[in-house]
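Residues per chain are reported as follows:
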Amino acid sequence: MKTHRPGHARLVPALAAAHLRHDWILTLCLVIALTAVIAPLLVLLGLKHGTIETLRERLVEDPVYRELRPTQTQPYSEDWFAQVAAWPGVAFLTPTILPLSSVVQVVRADETTSLFDLIPTAAGDPLLLENGVPVPGEDEVVLTAEAARLSGVAIGDRLGVRVSRTRGGRSENVQAELKVVGVLPIGAGTLTRLYAPLAFVLDVESYKEGYAAARRGWPGDTPDPYPSFDGVVLLLDEPLSPIVRTGAIIQTGFARIGEITRDQAETLLGLPIPQRLHAYDLSTPNTPITQSNIRAIQTKLRGREPLLLPYVRDLELIGADGRPWRPAGLSVDAEQAARLDLPPVPWGGFQARRERAEELTSVLWPVDAESNADADTRQEADDSLAVTSAGRAELSFMLHPQGPSPLSEPLVPIELLGILRTAQDRAVTYVASSGRFEMQRAGYRGFRLYAAGLDDVPRLYRRLREQGLELDAAIEAIERIQVLDGGATRLFWLIALLGLCGGTAVLVASLYAAVDRLRTELGIIRLLGLSRAHVAFFPIVEGLMIAALSLAVSFGAYGALAAVINRSFANELAPDERFCALPASLIAPIVLTTLLLACLAALVAAWRSTNIDPSEVVRAD
């Protein structure tokens, strides 16, 4: 019975190494043959990764290639910005304003001016940060290289910015001084641009649109909200024929006109309608009615003495006691009130914009005990009444009683109900100090968006296109890199497969032939006590040793050739760029794959060695 001593396992590698040294010429030929396969593959892999990564890094390092720009102007709500900013792959997103509103004058030291584009920025702006420029804060600005050259300023200087507008036929302008905290390199853009905080840019836009920027002391109008309505009840002394009805609403913005009963008119208006008047309902489905529509239909019906009464459906106010109530809305002059058999209202006829703010918040409070308001609320109503309207944002304001209501419901100016209806779609606030309602920004007209990486750009581009947006992005340049990367990868693996098959065939044939040459020696080793497993291990160890030597020589040859290639293209490369570079993460897989193939190639020779019968070898000798 044979026993396997532990020393036999260490003996086989020693014998394999001794045999390779003895047949050093054959070993050298095998190493050179495998090196001729592995070294070119390493160089090819290094060229693939070096060129592709250099191109990718150049695109990645330039934020311009990661920017997605809208090519059309359209409104974007704040909800849209919040939603898109949360998408995966979005690194930076900030609103922009209308292009015409973003043009400002830069005042030089000699009082001459130039027109520059004003671009909003915010924390995390990659165009600034990745070019080594800080994001500007309040009353600070960053300039492009061309803007700095034309304005003649440097970092730390003060830059005069003049904003101009035309209002009421007069030219007006204001000026602000901003501190220059950074200048972008020429590669970040060749246009004359100023990058400033979004708050400053919005103030400039508001001023150009005629509004005041109170925070900066810039004068102007207040952005009064426009009243909008669900429809208009038309009252006439004489009925309209069907032909006149159809022609009356053409080019007025109204889509339909229909005759309604007196009860239906009273339901829409909340007012009693005299029996002698004929009522018609004018409306446009899913579209609010504005003053321009009312003015247009009034012009069409001139001569028929039309009485146009706008209405708002289902609008409730919440009193201080928490109870809801529905006011009626009416704005008529004394003559119109007489036609309705009603007393005049203190605030007079319909006006799209009332100069006296207190008129808009007037109310006539019912004195009937059956009123919707309880006694406590009516008591408080003697001075003022705090109410809240639920719209896009909760709107709280004070109503000022002007006397008793001729109706069983509180009566307010119809313009107030129109503004509260507008507040259901647009953000409106109430300024207690002035007693006026002010329209808040409904949204923005554009955006600046940067993707986190190159691969995110096509994905974000497609997702925004699905929303119907027209965009400009460096999709073609990025896709060319991706196509080049995919093509180079396929080409490399085709060449690698051919080379590995040839190298494996050479190793199989060489090791198989070596086993045949060593039949006598291997048979004697078996007689000396080595098992079949030890003998089978012999060609495997030789294959691993030859592969290891080939790898060492191949990496040395690759290093020398890569240095020559990179030196040859040094003029076209940045200091940290390499035209031929093998990632360190690939070295271990390359070594393990080569050794594994060497083991597999040696299995044929190992199988052949196990079939050697020591007795037959002795008899043959």
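Above this text sits the structure in question.
A. Representation of the overall build of the protein chain. For the protein chain, the helix and strand inventory stands at 19 helices and 23 strands. Put simply, the protein chain has 621 residues, and 45% of those count as buried. Taken as a whole, the protein chain presents about 30900 Å² of accessible surface, with 56% of it coming from carbon and sulfur.

B. How the structure looks around the sheet that holds strand β1 (residues 67–70). Spatially, β2-β22-β1-β23 is the arrangement adopted by the 4 strands of the open sheet, whose pairing is antiparallel. On the outer flanks of this sheet lie β2 (90–96) and β23 (471–472), each paired with one strand and no other. Here 2 bridges tie β1 to strand β22 (residues 446–451), and the two strands are oriented antiparallel to one another. By the bridge assignment for β22, E67 is matched with Y450. In this fold helix α3 (residues 78–85) packs onto β2 and β22, with an angle of close to 165° to the strand it touches most, β2.

C. Quick peek at the packing of aromatic side chains. Overall, the coordinates contain 14 aromatic pairs when judged by the stated rule. Judged by centre distance (5.5 Å) and plane angle (90°), the rings of F81 and Y444 are edge-to-face. A residue pair is termed long-range when its members are at least 10 positions apart, and F81 in helix α3 and Y444 in the loop between β21 (436–439) and β22 qualify at 363 residues. In this pair, the class of F81 matches that of Y444, namely buried. Ring centres of F397 and F437 lie 5.2 Å apart, and the angle between their planes is 75°; on these two criteria the pair is classed as edge-to-face. Of this pair, F397 sits in strand β18 (residues 395–404) while F437 sits in strand β21, and the two are 40 residues apart along the sequence. Residues F397 and F437 agree in their burial class; the two are buried. Every member of this aromatic cluster is reached through a ring pair, and the members are Y76, W80, F81, Y444 and F447.

D. Broad picture of α3. The set of residues buried in α3 consists of W80, F81 and V84. Buried residues along α3 cover an arc of 100° about the axis, so they all sit on one side. Away from the buried face of α3 by more than 90 degrees, exposed residues D79 and A82 are located. Along its buried surface, α3 packs onto β2, β22 and α14 (456–465).

E. Seen up close, a nonpolar patch on the surface. Residues W24, I25, L28 and I32 make up a contiguous nonpolar surface patch of roughly 440 Å² in combined accessible area. As for its placement among the helices and strands, W24 is situated in helix α2 (residues 24–61).

F. Inspection of helix α9 (residues 291–300) at higher detail. Those residues of α9 that sit buried are N293, I294 and I297. Projected onto a plane normal to the axis of α9, the buried residues spread over an arc of 100° and lie on a single side. Buried residues along α9 sit in contact with β9 (231–236), α7 (242–248), β11 (278–283) and β12 (307–311).

G. Region of interest: the side chain of S283. Counting through the fold element by element, S283 comes out in strand β11. Of the residues examined, S283 reaches a relative accessible area of 10% and is grouped as buried. The residues contacting S283, other than those within four sequence positions of it, are D230, G231, F254, A255, R256 and Y311.

H. The pattern of salt bridges, seen in detail. Following the criterion strictly, the structure yields 26 salt bridges and no others. Its salt-bridge partner being E266, residue R262 comes within 3.2 Å of it at the nearest N-O pair. Remark: E266 and R262 occur in helix α8 (residues 262–269); sequence separation between them is 4 residues, near one turn of the helix. One salt-bridge network, in which partners are shared between bridges, spans E138, D139, D203, R215 and R216.

I. Layout of the environment of R354. With respect to the helices, strands and loops of the structure, R354 is situated in the loop between α10 (334–339) and α11 (357–360). On a C-alpha basis, the gap between R354 and R436 in space is 9.8 Å, while along the polypeptide they are 82 residues apart.

Procedures and definitions
- Residue numbering note: each chain is counted from 1, following its sequence as written.
- Where local features are concerned, this predicted model is filtered to residues with pLDDT of at least 70; where side-chain atom pairs are given and counted, the filter is 80 or more; whole-chain, interface and lining totals use all residues.
- Side-chain metrics in this entry use all non-hydrogen atoms of the structure; hydrogen atoms and water are not considered.
- In DSSP terms, a helix is any run of H or I states spanning at least four residues, a strand is any run of E spanning at least two, and both are numbered starting from the N terminus.
- Residue exposure (1.4 Å probe, protein chains only): buried if accessible area is under 20% of the type maximum, exposed if over 50%, otherwise partly exposed.
- Computed with a 1.4 Å probe, the accessible areas rest on the Shrake-Rupley method; for each residue, only the protein chains presented here act as cover.
- A strand pair is defined by DSSP finding two or more bridges across the two strands.
- Should any heavy atoms of two residues lie within 4.5 Å, those residues are counted as being in contact.
- Convention adopted: a line fitted to C-alpha atoms gives each axis, helices being fitted over their contacting stretch, and angles between N-to-C directions are expressed from 0 to 180 degrees.
- Pairing of aromatic rings covers Phe, Tyr and Trp, the last through its six-membered ring, and needs centres within 6.5 Å; plane angles under 30 degrees mean stacked, over 60 mean edge-to-face, and all others mean tilted.
- By construction, the arc corresponds to the directions joining the helix axis to the C-beta atoms.
- Patch membership requires over 30% relative accessible area and the absence of a salt bridge. Like charges are linked within 9 Å, and nonpolar side chains (Val, Leu, Ile, Met, Phe, Trp, Tyr) within 5 Å.
- For salt bridges, the criterion is a side-chain nitrogen of Lys or Arg within 4 Å of an Asp or Glu carboxyl oxygen.

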